[in-house]
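Residue-level structure breakdown
The primary structure of each chain is shown beneath.
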Amino acid sequence: MNNALTTIVNAIPSDRYFDSHYVIETLIRNHGDTYFHFLRASNQNTTALVHRDISALIQQFVPHLVTDTMSKSHSYNIREHATPCRLWKKV
């Protein structure tokens with residue numbers, strides 16, 4: 001999972017803002033097997049909780065790859081519902 005997330009974050013240009021929904025959507029599109037294995041191995045019982053765990057993994061990239069803006073974004077999740085999620089800035 002960390003390799004896939006690193007690949008995704010590294011592909012974002014410096015000084016660009018992105019949110020957890022973007023990372024999760026890109027993970028599903030480009031690293032579907034990794035997402036599926038993470039989902040199956042998770043002890044969580046809802047998609048929202050698994051995605052919260054993925055967001056926590058992104059936090060590990062602070063401060064080397066990303067800055068935590070300490071803000072929320074409002075964007076579409078994988079179920080196409082607009083919901084708040086963590087907002088990041090690529091270093």
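In the block above lies the structure referred to throughout.
Keep in mind the model is a prediction, meaning the values are calculated, not measured. (Residues numbered from 1 in each chain as written. Predicted model: local features only at pLDDT ≥ 70, side-chain atom pairs only at ≥ 80, totals over all residues. Heavy atoms only, no water.)

Right, let's get into the overall build of the protein chain. The helix and strand tally for the protein chain stands at four helices and three strands. Sequence-ordered secondary structure for the protein chain, helices as α and strands as β, is α-β-α-α-α-β-β. For 91 residues, the compact-globule estimate of 2.2 N^0.38 gives 12 Å, and the protein chain sits close to it at 12 Å. Once the C-alpha set of the protein chain is aligned to its principal axes, its extents read approximately 35 × 25 × 20 Å. A buried classification covers 35% of the 91 residues belonging to the protein chain. Taking all contacts inside the protein chain whose residues are at least 6 apart in sequence as the whole, residues at least 24 apart take part in 59%. (Helix = DSSP H or I, 4+ residues; strand = E, 2+ residues; numbered from the N terminus. Rg over C-alpha atoms; globule rule 2.2 N^0.38 Å. Buried < 20%, exposed > 50% of the residue type's maximum accessible area, 1.4 Å probe, protein only. Contact = heavy atoms within 4.5 Å.)

Here we come to the environment of L5. Within the secondary structure, L5 sits in helix α1 (residues 2–10). L5 gets classed as buried once you look at its relative accessible area, which sits at 0%. In this structure the C-alpha to C-alpha distance between L5 and I24, which are 19 residues apart in sequence, comes to 9.0 Å. In this structure, L5 is in contact with V23, I54, L57 and F61, ignoring residues within four places of it in sequence.

Below, the discussion takes up the pattern of salt bridges. Side-chain pairing between opposite charges can occur once the charged atoms of the two side chains come close. Scanning all chains against the criterion turns up three salt bridges. As a salt-bridge pair, R52 and D53 come within 3.4 Å of each other at their nearest N and O atoms. Assessed through its relative accessible area of 46%, R52 is described here as partly exposed. D53 sits in the partly exposed class, given a relative accessible area of 21%. Two residues, D68 and R86, come together in a salt bridge whose shortest N-O distance is 2.4 Å. (Salt bridge = Lys/Arg side-chain N within 4 Å of Asp/Glu carboxyl O.)

With that settled, consider the sheet that holds strand β2 (residues 66–76). Picture the strands of a sheet paired through backbone hydrogen bonds; they go either parallel or antiparallel. The three strands lie next to each other as β1-β3-β2, forming an open sheet whose pairing is antiparallel. Two strands in the sheet have a free side with no partner beyond their single neighbour: β1 (17–19) and β2. The average angle at which neighbouring strand axes cross in this sheet is 35 degrees, direction not considered. In terms of strand pairing, β1 meets strand β3 (residues 82–90) through three bridges, oriented antiparallel. Across the sheet, Y17 pairs through a bridge with K89, a residue of β3. Across the sheet, helix α4 (residues 47–59) touches β2 and β3, and the angle it forms with β3 is around 15 degrees. (Pairing = 2+ DSSP bridges. Axes fitted to C-alpha atoms, helices over the stretch in contact; angles between N-to-C directions.)

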